[in-house]
Amino acid sequence: MPALLEDPSTRNPPPSAHIRAAPTLKARQATLPKDNDAPITLYPITGGAQSLPQDLVRFLHQEFSAEILRGGTYPMEEPLPLEQFAEYWFGTFAVIALDGTEPIREGRDWESACLGTFYIKPNYPGRCSHICNAGFITTSAARGRGVGYAMGEAYLDIAPRLGYTYSVFNLVFANNPASIRIWDKLGFSVIGRVPKAARLENSEELVDALIFGRELGN
């Protein structure tokens with residue numbers, strides 16, 4: 001459920017509150033009500049892609065590449081190289097959602113164990129870096145189980161802990177009702193609209209992009 005996404009070749013440095021808080025965050029337990037309350041664990045990733053099993057990074061790269069090639073949710077036309085994806089997704093702060101409670105380790109069957117991932121990073125630089133953005137991937141095998149909503153809830157819990165006070169999603173395409181429903185349900189509002197923003201594979205016409213925003217914290 002993309003919410004995108006700045007230029008993947010650039011990165012805004014996180015604010016000092018983010019840098020201080022990120023190492024203190026712990027794994028978060030959740031359940032999937034749409035899947036008989038199946039337990040999941042959401043692990044914060046603060047050490048970059050090099051801190052993860054590389055077969056997991058490759059799996060998520062494949063999932064992200066397939067989503068780009070489907071051409072209906074992200075604006076990129078071509079997949080990122082593995083190294084660029086790893087830096088783009090995990091270079092600031094990310095979360096990985098796994099089935100059950102087993103920890104991240106080498107050799108797991110990621111196609112069944114990994115349910116999704118999201119990142120959190122500043123949407124703007126410098127004096128505006130307390131406003132954050134996020135991008136999400138629900139893995140192919142996990143769709144329809146409520147993983148996207150669980151990751152959205154985790155995002156709303158984690159982002160203010162990192163010192164962010166407002167969230168902006170820059171490009172939520174207007175023909176993506178599943179994503180729009182999640183953000184509506186989680187209290188986001190449409191704060192802008194970019195007419196005819198995207199040439200998508202799932203539409204013969206140019207598609208508008210919605211800009212969603214929400215204050216973070218209590």
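Residues numbered from 1 in each chain as written. Predicted model: local features only at pLDDT ≥ 70, side-chain atom pairs only at ≥ 80, totals over all residues. Heavy atoms only, no water.

(A) Looking closely at the sheet that holds strand S4 (residues 114-122). Taken together, the 8 strands give an open sheet; going across it, the order is S1-S2-S3-S4-S5-S6-S8-S7, and neighbouring strands pair in mixed fashion. Both edges of this open sheet fall to strand S1 (28-32) and strand S7 (189-198), since each of them pairs with a single strand only. Neighbour-to-neighbour, the strand axes of this sheet turn through a mean angle of 25°, independent of strand direction. Note that strand S2 (residues 38-45) and strand S3 (residues 94-99) share 6 bridges and pair antiparallel. For Thr41, the partnering residue across the bridge sits in S3 and is Leu98. Helix-sheet contacts for helix H6 (residues 177-185) involve strand S5 (131-138), strand S6 (166-173) and strand S8 (207-215), and the interaxial angle to S6 is about 160°. (Pairing = 2+ DSSP bridges. Helix = DSSP H or I, 4+ residues; strand = E, 2+ residues; numbered from the N terminus. Axes fitted to C-alpha atoms, helices over the stretch in contact; angles between N-to-C directions. Contact = heavy atoms within 4.5 Å.)

(B) Highlighting the nonpolar core. Phe118, Ile120 and Tyr155 are the most contacted members of the largest nonpolar core, which totals 37 residues. Broken down by element, this core gets its largest block of residues, 8 residues, from helix H5 (residues 147-161). In contact with Ile120, not counting residues within four places along its chain, are His18, Thr92, Phe93, Cys132, Asn133, Tyr155, Ile158, Ala159, Leu162 and Tyr164. Grouped together as the second largest cluster of nonpolar side chains are 26 residues, Leu80, Tyr88, Ala94 and Cys114 included. (Core = buried A, V, L, I, M, F, W, Y, C linked by side-chain atoms within 4.5 Å. Buried < 20%, exposed > 50% of the residue type's maximum accessible area, 1.4 Å probe, protein only.)

(C) Region of interest: the layout of surface pockets. The calculated volume of the second largest pocket comes to roughly 220 Å³. Taken together, Ile68, Leu69, Gly71, Tyr74, Pro75, Met76, Glu77, Phe173, Ala198, Arg199, Leu200 and Glu201 form the lining of the second largest pocket. In the lining of the second largest pocket, the residues fall into 8 nonpolar, 1 polar and 3 charged. (1 Å grid on protein atoms, 1.4 Å probe; cavity = no way out; pocket = protein on both sides within 12 Å on 5 of 7 lines; lining within 4 Å. Points joined across faces, edges and corners; volume = space filled by probe spheres on them. Nonpolar A, V, L, I, M, F, W, Y, C, P; charged D, E, K, R; others polar.)

(D) The pairing of S5, seen in detail. Extensive coverage of S5 is indicated by the burial of 8 of its 8 residues. Neither face of S5 is open: one carries Ile131, Asn133, Gly135 and Ile137, the other Cys132, Ala134, Phe136 and Thr138, and all of them are buried. Pairing geometry for S4 and S5, over 7 bridges, is antiparallel. If you follow Gly116 over to S5, its bridge partner there is Thr138. The sheet contact formed by S5 and S6 spans 2 bridges and is parallel. Bridged to Cys132 within S6 is Ser167. The parallel pair S5 and S6, bridged by H5, forms a crossover whose chirality is right-handed. (Right-handed = clockwise from strand over helix to strand, strands pointing away.)

Functional significance is not addressed by these values, which are geometric in nature.
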